[in-house]
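Each chain is listed here by its residues.
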Amino acid sequence: MDRWRTIIEPFRIHSVEPIRLTTVEQRDAALEVAGYNLFNLHAADVLIDLLTDSGTGAMSRDQWAAIQHGDESYAGSPSWFAFLKGVQTLFPFRHVIPTHQGRAAEKILFSVLGGPGKVVPNNTHFDTTRANVEATGAEAVDLVIAEGRDPAALHPFKGNMDVAALERLLDERPADVPVVFVTVTNNSGGGQPVSLENLRAVRAVCDRHGVPLFLDACRFAENAWFIKLREPGQGDREIPDIVREMAGLADGMTMSAKKDGLANIGGWLALNDDALAEQCRNLLILTEGFPTYGGLAGRDLEAIAQGLREVVDEDYLRYRVASTEYLGEALDRAGVPLVKPFGGHAIYIDARALLPHIAPLEYPGQALAVALYREGGIRGCEIGTVMFGQQPDGTESPAAMDLVRLAIPRRTYTQSHIDYVIEVVIWVAERASGLRGMRIVEQPPALRHFTARFAAV
Ligand SMILES: Cc1ncc(COP(=O)(O)O)c(C=O)c1O
């Protein structure tokens, strides 16, 4: 296969879903009803849905077959044991606690470990992670390396944690840090990977301070693929082997199986600490379900178990990263400012750079995301001041970056869909100086990006 430059989808289509073609007028009307919040749209009014890669991928023939094996016994179902084996093959933690998705795992863990006066460092907290930390009264701090905050800086592992900053935090507040988190890949920082070397260094700091290290491992397979491609000495290793080393450096993990579980729902919390696991399981029973199914049906457990086998396949990962790169390279050639290098699951447009005439507090990312939908029916996601600007005390400040994320659902769109996206984004970018900022007319007290309503400035 190395003779050919074209990286094809390593699958063929087995079942199709129609996409409804809409006009600009129809999309204008839909935007108005949605309060210019793309989360409020009817998905049927979206042509190419790049809102998220979470739970939106296509499952394989073998996953659908596995679903038929789903055993819905309340306790001790064979599907639970298939799931447990799938998880522990890659992540050999002693305790695995199944949840309906990643944030349920976060909620449970931080309910036990968080609280006022506590501080949880992460390379960059994802929005639900930050919200779940802050909901307990604890503080969430982002300690990604400086390059990780600069959209244009080229670094092979821009998701790395600033180890010196972590050490300083642990020196200054030795009693306040219940857990250190590292998110692989770093979604909110552009889907950027974390190196094994960095994980080892973070582990060493955690050991010196006696603090546990957890992974937010949603995109562990993409992270492992980048390690194989980019980290010296890792090129000959098998992906499962790299994943196990990542897991071995941590004391636990939270996971959303809606990403690298290749499933439409699911997640888990896994850890080694017996006493902590006991507390977490008790909370699980309160809100999710019995410990052998958590928030999931037996059929979901089966789909995840099979997904975990498929996601570490190198043909899949090569295609996955190459197809994301294909979008990035075309936009880059056209001069659209992007976060670089390209991450695994998404291309991030630097809206602040593309729309310098719109101040961060007038949400350049939101303005751009709305324009992409209006012009081409493409739904992306603002990752910027709308998502992160709202402070717990009710004030507002600009986020570190104003990005629009075009997240690529796994195994879902073909190259011609992506060619269409490229055409639309370039068209909008060429007319960016005509876009106007936005203001919020209605918002909830937290996680406002999901439900806020907007109007043009
Ligand atoms: C890095 C990261 N952590 C946590 C989550 C939360 O997972 P879920 O959406 O399954 O609750 C996500 C989801 O997008 C994520 O990307």
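Higher on the page you've got the structure.
Every chain's residues receive numbers from 1 upward, in the order its sequence appears when written. Totals for whole chains, interfaces and linings use every residue, but because this is a predicted model, local features are given only for residues with pLDDT of at least 70 and side-chain atom pairs only at 80 or more, for both listing and counting. Based on all heavy atoms of the structure, the side-chain values leave hydrogens and waters out of the count.

Undergrad: Account for the pairing of strand E7 (residues 252–256), with residues named and values stated.
TA: Accessible area is worked out with a 1.4 Å probe on protein chains only. A residue is then buried under 20% of its type maximum, exposed over 50%, and partly exposed in between. To qualify as a helix, a DSSP run of H or I must reach at least 4 residues; to qualify as a strand, a run of E must reach at least 2; elements of each kind are numbered from the N terminus. With 5 of its 5 residues buried, E7 lies for the most part within the structure. Burial along E7 is two-sided: Gly-252, Thr-254 and Ser-256 facing one way and Met-253 and Met-255 facing the other are all buried. Between any two strands, at least two bridges found by DSSP are needed for them to pair. Bridge count for strand E6 (residues 213–216) against E7 is 3 bridges, and the pairing is parallel. By the bridge assignment for E7, Phe-214 is matched with Gly-252. The pairing of E7 with strand E8 (residues 267–271) spans 5 bridges and is classified as antiparallel. Bridge pairing in E8 places Thr-254 opposite Leu-269.

Undergrad: Give me helix H1 (residues 24–33): which residues, what numbers.
TA: Buried residues of H1: Arg-27, Ala-30 and Leu-31, and no others. One side of H1 holds all its buried residues, which, seen down the axis, span an arc of 100°. Set apart from the buried face of H1 by more than 90 degrees, the exposed residues are Glu-25, Glu-32 and Val-33. A contact between two residues is defined here by any heavy atoms of the two lying within 4.5 Å. Tucked inside the fold, the buried residues of H1 contact helix H14 (364–376). Positioned one or two residues after H1, Gly-35 has a phi angle of 60°, which is positive. Working note: the arc is built from the helix axis to C-beta atom directions.

Undergrad: Go over the environment of Thr-254 with me, naming the residues and quoting the values.
TA: Along the chain, the position of Thr-254 falls in strand E7. Separated by 145 residues in the primary sequence, Thr-254 and Leu-109 place their C-alpha atoms 8.5 Å from one another. Apart from the residues lying within four places of it in its own chain, the contact partners of Thr-254 are Ala-105, Glu-106, Leu-109, Phe-181, Leu-215, Asp-216, Ala-217, Trp-268 and Leu-269.

Undergrad: Describe the sheet that holds E8, and please don't skip the residues or the numbers.
TA: Spatial strand order, E2-E8-E7-E6-E5: 5 strands in an open sheet with mixed pairing. In the strand order of this sheet, the two ends are held by strand E2 (95–99) and strand E5 (180–183), each with one partner. Across this sheet, the average inter-strand angle for adjacent strands is 15°, counted without regard to direction. Both E2 and E8 contribute to a ladder of 5 bridges, which runs antiparallel. Bridge pairing links Pro-98 to Trp-268 in E8. Axis definition: a line fitted to C-alpha atoms, limited for helices to the stretch in contact. Angles are taken between N-to-C directions and run from 0 to 180 degrees.

Undergrad: Describe in detail the packing of H14 against helix H16 (residues 415–430), supporting the description with residues and values.
TA: It is at 10 Å that the axes of H14 and H16 come closest, and there the two elements cross at 120°. In terms of orientation, H14 and H16 fall into the oblique class. In the crossing of H14 with H16, the sense of the turn from one axis to the other is right-handed. Between H14, through Leu-368, Ala-371, Leu-372, Glu-375 and Gly-376, and H16, the contact on the second element is made entirely by Tyr-420, Val-424, Val-425, Trp-427 and Val-428. Of the residues that constitute the contact of H14 with H16, the class distribution is 8 nonpolar, 1 polar and 1 charged. Throughout this description, any angle smaller than 35 degrees is read as roughly parallel, any larger than 145 degrees as roughly antiparallel, any in the 65 to 115 degree range as roughly perpendicular, and the remainder as oblique. It is the rotation of the near helix from the far one that decides the hand of a crossing: anticlockwise by less than a right angle makes it left-handed, clockwise makes it right-handed. For this classification, the nonpolar set comprises Ala, Val, Leu, Ile, Met, Phe, Trp, Tyr, Cys and Pro, the charged set comprises Asp, Glu, Lys and Arg, and every other residue, Gly included, is treated as polar.

Undergrad: If you had to explain helix H4 (residues 102–113) to someone new, which residues and values would you point to?
TA: Expected span of a helix: the number of residues minus one, times 1.5 Å. Spanning 12 residues, H4 covers 17 Å between terminal C-alpha atoms, matching the ideal 16 Å at 1.5 Å per step. All of the buried residues along H4 are Gly-102, Ala-104, Ala-105, Glu-106, Ile-108, Leu-109, Phe-110 and Leu-113. Looking one or two places after H4, you find Gly-115, whose phi comes out positive at around 120°.

Undergrad: Give me the site of the ligand: which residues, what numbers.
TA: Near residues are defined by distance, with any heavy atom within 4 Å of the molecule or strand qualifying the residue. Taken together, 15 residues lie around the ligand, and Arg-103, Asn-187, Asp-216, Ser-256 and Lys-259 are the ones closest in. Each polar contact in these results corresponds to two N or O atoms within 3.5 Å; when the atoms are within protein, one needs to be able to donate a hydrogen and the other to accept it, and residues that are neighboring in sequence are counted only if both atoms are side-chain atoms. Between an oxygen atom of the ligand and a main-chain N or O atom of Gly-102, the distance comes to 2.8 Å. A distance of 2.9 Å separates an oxygen atom of the ligand from a polar atom in the side chain of Arg-219. Accessible areas in this description were obtained via Shrake-Rupley with a 1.4 Å probe; residue shielding takes into account the shown protein chains only. Protein burial of the ligand: of its 390 Å² of free accessible surface, 97% is covered by the chains. With 3 residues, the single largest contributor to the shell around the ligand is H4. Taken together, the residues that form the shell around the ligand break down as 2 nonpolar, 7 polar and 6 charged.

Taken by themselves, the reported measurements are silent on function.
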